[in-house]
Amino acid sequence: MTSYFIQAFIYLVAAVIAVPLAKRFGLGSVLGYLVAGVVIGPILGLVGQETTTIQHFAEFGVVMMLFLVGMELDPKGLWAMRVRLIGLGGLQVVLTAAAGTAIAWWLGLVWQTALAVGLIFALSSTAIVLQTLNEKGLAKTEGGRSAFSVLLFQDIAVIPMLALIPLLALPELMGAGGDDGHASLSLVAHLPGWAHALVVVGAIVSVIAGGYYLMPLLFRYVIGSGLREVFTATALMLVIGIAALMSVVNLSPALGAFLAGVVLANSEFKHELEANIEPFKGLLLGLFFITVGAGINFSVLAAEWVAVLSLGLAVIVVKGLILLGLALLFRVHGSNGWLFTLSLAQAGEFGFVLLTYSVQNNVIPTDISQILSLVVALSMFLTPLLFIAYDRLVLPRYLIAKNDDREADTIEEQAPVIVAGVGRFGQIICRLLRANNIPIVALDHEIEQIENLRKINIKSYFGDASRSDLLETAGIEHARLLVIALDDRERAVQMVKHVKHVYPQVWVLARAFDRGHGYQLRDAGADDVISETYHSALELGGHALTAMGVHPMRAKQMTWAFVQNEDAHEDELFATWKDIEGGNAFGPRYSELFMKLEEALNSAMQQDWPEPQRQDVPIWTSPEQGQEPKSQQQPSNGVQ
């Protein structure tokens with residue numbers, strides 16, 4: 001028992017140290033887990049042979065992930081993606097398997113082994129790709145949805161692959177396979193083909209029908225107990241039971257969990273199920289990635305590093321070329337096409353499953369399987385780097401190209417007010433000025449935002465507002481006011497510096513994202529800076545006071561006192577940030593001053609307020625002090 005505790009502690013310590021470091025350097029959590037596994041496994045030798053057993057257990061995280069993914073879809077959504085699911089996914093599996101088979105045969109493997117190798121490398125890593133897409137907020141993009149379609153088809157394709165591999169057995173490998181001596185439980189192992197098909201169909205129908213009709217009844221029964229831990233146990237029982245059912249009929253557990261998730265997508269228990277399963281999914285996926293890194297055999301790698309590295313790069317290049325061609329065929333253009341290509345160019349965790357299965361069924365020799373296992377692990381290890389390349393090399397170029405494809409509009413008018421940036425913030429400013437008949441020139445480098453303004457008859461022009469030539473054409477030399485509402489923090493600061501240096505007479509109003517950005521804008525010379533969330537947060541804070549029983553009039557007084565306190569100390573805070581802290585961060589001196597001003601704010605809130613005209617205006621007190629909640633208070637004149 002002690003050894004289990006020590007091993008668990010080692011895995012957790014590795015994750016706690018490596019993952020936050022990887023996130024801090026922009027490498028993503030997946031690469032952090034993989035590096036942690038390499039350090040505690042091959043490098044330090046803190047974990048050993050148990051990693052293979054733990055990996056089989058941790059693969060259940062993939063099952064949970066697909067269950068949660070299925071819950072984000074409904075049958076209509078699944079039907080809507082049928083073209084890419086079957087067309088894009090089917091072509092990817094067939095073409096990649098054919099290419100892998102041809103290369104393996106060219107390298108001297110018999111056709112049966114070559115075909116098994118092609119099937120193994122046709123699959124991509126569902127765990128890494130979906131985890132990274134969700135982590136980076138790319139799952140809803142066109143490239144992300146296309147990648148998901150292919151991954152889903154690959155999970156379905158595992159079923160016929162598992163059925164095909166035993167038919168490829170080589171007589172010369174009989175008796176020398178990797179059978180571990182204990183067979184898995186199977187209900188269809190010795191059934192004829194027609195009976196096997198009936199059992200498979202029956203299992204799928206059972207999952208769908210049970211999820212639709214029986215699960216809601218079970219969850220209502222469990223909720224009646226009032227015990228949250230029992231609901232958690234029920235959620236785990238559901239996923240584990242479906243995975244076990246799929247396994248005993250030789251289907252992919254991940255596919256069964258996905259179908260169950262789709263069935264429960266519209267259930268009233270959806271959000272509770274997600275909340276209960278998400279922590280287990282995250283831990284198991286992290287453990288899986290650690291075991292992949294820890295399972296790298298450095299002795300084989302040292303002996304065959306040229307072959308492993310060459311094959312690993314070949315897998316990524318060949319799959320990438322096929323995926324890029326499919327992206328063009330299915331019109332997944334631009335950065336989405338590269339996202340689709342780079343995210344799926346690796347081998348996947350199901351490759352380990354097929355590889356082990358191939359060895360056990362005398363299709364792939366053990367010595368070759370060791371090299372192929374390293375190739376699969378290496379390609380998975382390189383996947384986070386491909387996402388980094390997408391973020392830092394591909395995406396910036398396409399963002400620039402997207403804006404450079406169209407020449408900046410010719411600005412035909414000049415106005416006393418120039419608005420730079422007409423997104424959700426700048427649009428409101430433009431509407432307010434236009435409503436008061438104040439002439440404006442609006443600039444933005446996003447064509448969609450320009451089109452939105454033109455729909456409501458506000459004159460606007462496409463172009464980068466930070467370009468000095470466009471500002472000059474828009475009349476910055478004679479303008480009275482420049483409003484900067486750009487979504488790019490650094491560009492906004494640089495634009496303020498340029499305008500105040502060249503046109504110091506122009507009054508510059510700037511939108512800040514937060515307090516630190518506001519200080520940067522003030523330091524650059526902005527005449528007036530407004531935080532984008534400040535006044536909306538004040539408004540909502542006033543509503544919060546009212547909801548807690550404070551009279552609306554008293555709530556207005558308190559929020560106004562908050563504003564006065566902020567304004568009274570704003571210059572002092574800014575001076576501390578700029579002079580003492582060097583304008584780089586919020587250091588200890590700034591934090592100390594800020595806490596003193598918070599005390600002043602608390603004192604301001606406790607001041608004696610002037611009596612309102614009405615005498616029944618309450619200040620909120622806790623229920624222990626006898627204050628009735630707001631819902632029980634009805635002012636006599638109906639004011640809420």
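Right above here is the structure, for reference.
First things first, this report covers the structure right here in the doc. Given the structure is predicted, the values throughout are model-derived calculations rather than measurements. (Residues numbered from 1 in each chain as written. Predicted model: local features only at pLDDT ≥ 70, side-chain atom pairs only at ≥ 80, totals over all residues. Heavy atoms only, no water.)

1. So, the overall build of the chain
Part 1 of the argument: Along its length, the chain carries 26 helices and 6 strands.
Part 2 of the argument: Relative to its full complement of 640 residues, the chain shows a buried share of 47%.
Part 3 of the argument: Counted over contacts in the chain with a minimum sequence separation of 6, partners at least 24 positions apart contribute 75%.
Part 4 of the argument: Total accessible area on the chain is roughly 32,700 Å²; 62% of this is exposed by carbon and sulfur atoms. (Helix = DSSP H or I, 4+ residues; strand = E, 2+ residues; numbered from the N terminus. Buried < 20%, exposed > 50% of the residue type's maximum accessible area, 1.4 Å probe, protein only. Contact = heavy atoms within 4.5 Å. Areas by Shrake-Rupley, 256 points an atom, 1.4 Å probe, with all protein chains shown as cover.)

2. Considering the packing of aromatic side chains
Part 1 of the argument: Within this structure, the stated rule accounts for 2 aromatic pairs.
Part 2 of the argument: When the ring of Tyr-212 is compared with that of Tyr-213, the centres are 4.8 Å apart and the planes differ by 80°; the resulting orientation is edge-to-face.
Part 3 of the argument: For Tyr-212, a relative accessible area of 54% translates into the label exposed.
Part 4 of the argument: Classification of Tyr-213 as exposed rests on a relative accessible area of 56%.
Part 5 of the argument: An angle of 35° between the planes, with centres 5.3 Å apart, marks the rings of Phe-219 and Phe-231 as tilted. Note that Phe-219 is positioned in helix 10 (residues 193-223) and Phe-231 in helix 11 (residues 228-248), a separation of 12 residues in sequence.
Part 6 of the argument: On the basis of relative accessibility, which here comes to 0%, the residue Phe-219 falls in the buried class.
Part 7 of the argument: Over the aromatic face of Phe-425 sits the side chain of Arg-511, whose NZ or CZ is 5.1 Å from the ring centroid.
Part 8 of the argument: The side chain of Arg-511 reaches across the aromatic face of Phe-513, ending 4.6 Å from its centre. (Phe/Tyr/Trp six-rings, centres within 6.5 Å; stacked < 30°, edge-to-face > 60°. Lys NZ or Arg CZ within 6 Å of the ring centre and 35° of its normal.)

3. Thoughts on the side chain of Thr-101
Part 1 of the argument: Locating Thr-101 in the fold gives a position in helix 6 (residues 82-106).
Part 2 of the argument: A distance of 2.7 Å separates the side chain of Thr-101 from the backbone oxygen of Ala-97, its partner in a polar contact.
Part 3 of the argument: When residues no more than four places from it in sequence are discounted, the contact partners of Thr-101 are Ala-114, Leu-115 and Gly-118. (Polar contact = N/O pair within 3.5 Å; in protein donor to acceptor, adjacent residues only side chain to side chain.)

4. Details of the environment of His-501
Part 1 of the argument: Take His-501: it is sitting in helix 22 (residues 489-502).
Part 2 of the argument: With relative accessibility at 67%, the residue His-501 sits in the exposed group.
Part 3 of the argument: Separated by 24 residues in sequence, His-501 and Gly-525 place their C-alpha atoms 8.6 Å apart.

5. Considering the nonpolar core
Part 1 of the argument: If you look at the biggest cluster of nonpolar residues, it comprises 98 residues, and the most contacted ones within it are Phe-121, Phe-289, Phe-340, Leu-344 and Ile-364.
Part 2 of the argument: A per-element tally of this core places helix 18 (residues 366-404) first, with 12 residues.
Part 3 of the argument: Setting aside its immediate chain neighbours within four residues, Phe-340 contacts Leu-88, Gly-143, Ser-146, Ala-147, Val-150, Leu-323 and Ala-327.
Part 4 of the argument: Membership of the second largest hydrophobic core comes to 32 residues, among which are Met-64, Val-200, Leu-236 and Leu-264. (Core = buried A, V, L, I, M, F, W, Y, C linked by side-chain atoms within 4.5 Å.)

6. Concerning the packing of helix 6 against helix 15 (residues 305-329)
Part 1 of the argument: Where helix 6 meets helix 15, the axes come as close as 10 Å, and the angle between the chain directions of the two elements is 150°. The orientation of helix 6 with respect to helix 15, classified from their angle, is roughly antiparallel. Classified by chirality, the crossing of helix 15 by helix 6 is right-handed. Between helix 6 and helix 15, the contacting residues are Leu-88, Leu-91, Gln-92, Leu-95, Thr-96, Ala-99 and Ile-103 on the first element and Val-318, Lys-319, Ile-322, Leu-323, Leu-326 and Leu-329 on the second.
Part 2 of the argument: A class-by-class count of the residues in the contact of helix 6 with helix 15 yields 10 nonpolar, 2 polar and 1 charged. (Axes fitted to C-alpha atoms, helices over the stretch in contact; angles between N-to-C directions. Parallel < 35°, antiparallel > 145°, perpendicular 65-115°, else oblique. Left-handed = near helix turned anticlockwise from the far one by under 90°. Nonpolar A, V, L, I, M, F, W, Y, C, P; charged D, E, K, R; others polar.)

7. Digging into helix 4 (residues 60-71)
Part 1 of the argument: With 12 residues, helix 4 should reach 16 Å at 1.5 Å per residue; the first-to-last C-alpha distance of 17 Å fits that figure.
Part 2 of the argument: With 12 of 12 residues buried, helix 4 is to be regarded as a mostly interior element.
Part 3 of the argument: For helix 4, the set of buried residues is Phe-60, Gly-61, Val-62, Val-63, Met-64, Met-65, Leu-66, Phe-67, Leu-68, Val-69, Gly-70 and Met-71. (Expected span 1.5 Å × (residues − 1).)

8. A short note on the sheet that holds strand 6 (residues 528-531)
Sheet strands pair via backbone hydrogen bonds, and the direction of the pair is either parallel or antiparallel.
Part 1 of the argument: If you walk across this open sheet you meet the 6 strands as 3-2-1-4-5-6, and the pairing is parallel. Two strands bound the open sheet, and with one partner strand each, they are strand 3 (460-462) and strand 6. Mean inter-strand twist for the sheet, computed between neighbouring axes without regard to direction, equals 20°.
Part 2 of the argument: Pairing of strand 1 (residues 417-420) with strand 2 (residues 440-444), which is carried by 4 bridges, proceeds in the parallel orientation. Its bridge partner lying in strand 2, Ile-418 is registered against Val-441.
Part 3 of the argument: Strand contacts of helix 19 (residues 426-435): strand 1, strand 2 and strand 4 (481-484), with the helix running at about 160° to strand 1, the strand carrying the most contacts. (Pairing = 2+ DSSP bridges.)

9. Description of helix 8 (residues 126-135)
Part 1 of the argument: Where burial is concerned, most of helix 8 is hidden: 8 out of the 10 residues are buried.
Part 2 of the argument: Those residues of helix 8 that fall on the buried side of the exposure criterion are Thr-126, Ala-127, Ile-128, Val-129, Leu-130, Gln-131, Thr-132 and Leu-133.
Part 3 of the argument: By the N-cap criterion, in which a side-chain oxygen at the helix start approaches the backbone nitrogen of a residue two or three places on, helix 8 is capped by Ser-125, the distance to Ile-128 being 3.1 Å.
Part 4 of the argument: A positive phi of about 70° marks Gly-137, the residue just after helix 8.

10. Looking at the pairing of strand 4
As a general feature of sheets, a regular strand has side chains that alternate between the two faces.
Part 1 of the argument: What you see with strand 4 is no split at all: Leu-481 and Val-483 on one side and Leu-482 and Ile-484 on the other are buried throughout.
Part 2 of the argument: Here strand 1 pairs with strand 4 via 4 bridges, running parallel. Following the sheet pairing, Ala-420 is matched in strand 4 by Ile-484.
Part 3 of the argument: Read from strand 4 through helix 22 to strand 5 (residues 507-512), the crossover connection turns out right-handed. (Right-handed = clockwise from strand over helix to strand, strands pointing away.)

11. A look at the pattern of salt bridges
A side chain of one charge can pair with a side chain of the opposite charge if their charged atoms are brought near each other.
Part 1 of the argument: For the structure on display, the rule yields 4 salt bridges.
Part 2 of the argument: Between Lys-500 and Asp-527 there is a salt bridge whose closest N-O contact spans 2.9 Å. Placement of Lys-500 in helix 22 and of Asp-527 in the loop between helix 23 (515-524) and strand 6 is noted, with a sequence separation of 27 residues between them.
Part 3 of the argument: Since its relative accessible area comes to 31%, Asp-527 is described here as partly exposed.
Part 4 of the argument: With a closest N to O distance of 2.9 Å, Arg-511 and Glu-532 form a salt bridge. Residue Arg-511 is located in strand 5, and its partner Glu-532 is located in the loop between strand 6 and helix 24 (534-547); the two are separated by 21 residues in the primary sequence.
Part 5 of the argument: What makes Arg-511 buried here is its relative accessible area of 3%. (Salt bridge = Lys/Arg side-chain N within 4 Å of Asp/Glu carboxyl O.)

12. Remarks on the environment of Val-375
Part 1 of the argument: Here Val-375 is to be found in helix 18.
Part 2 of the argument: Of the residues examined, Val-375 reaches a relative accessible area of 1% and is grouped as buried.
Part 3 of the argument: When the C-alpha atoms of Val-375 and Leu-309 are compared, they prove to be 7.3 Å apart, with 66 residues separating the residues in sequence.

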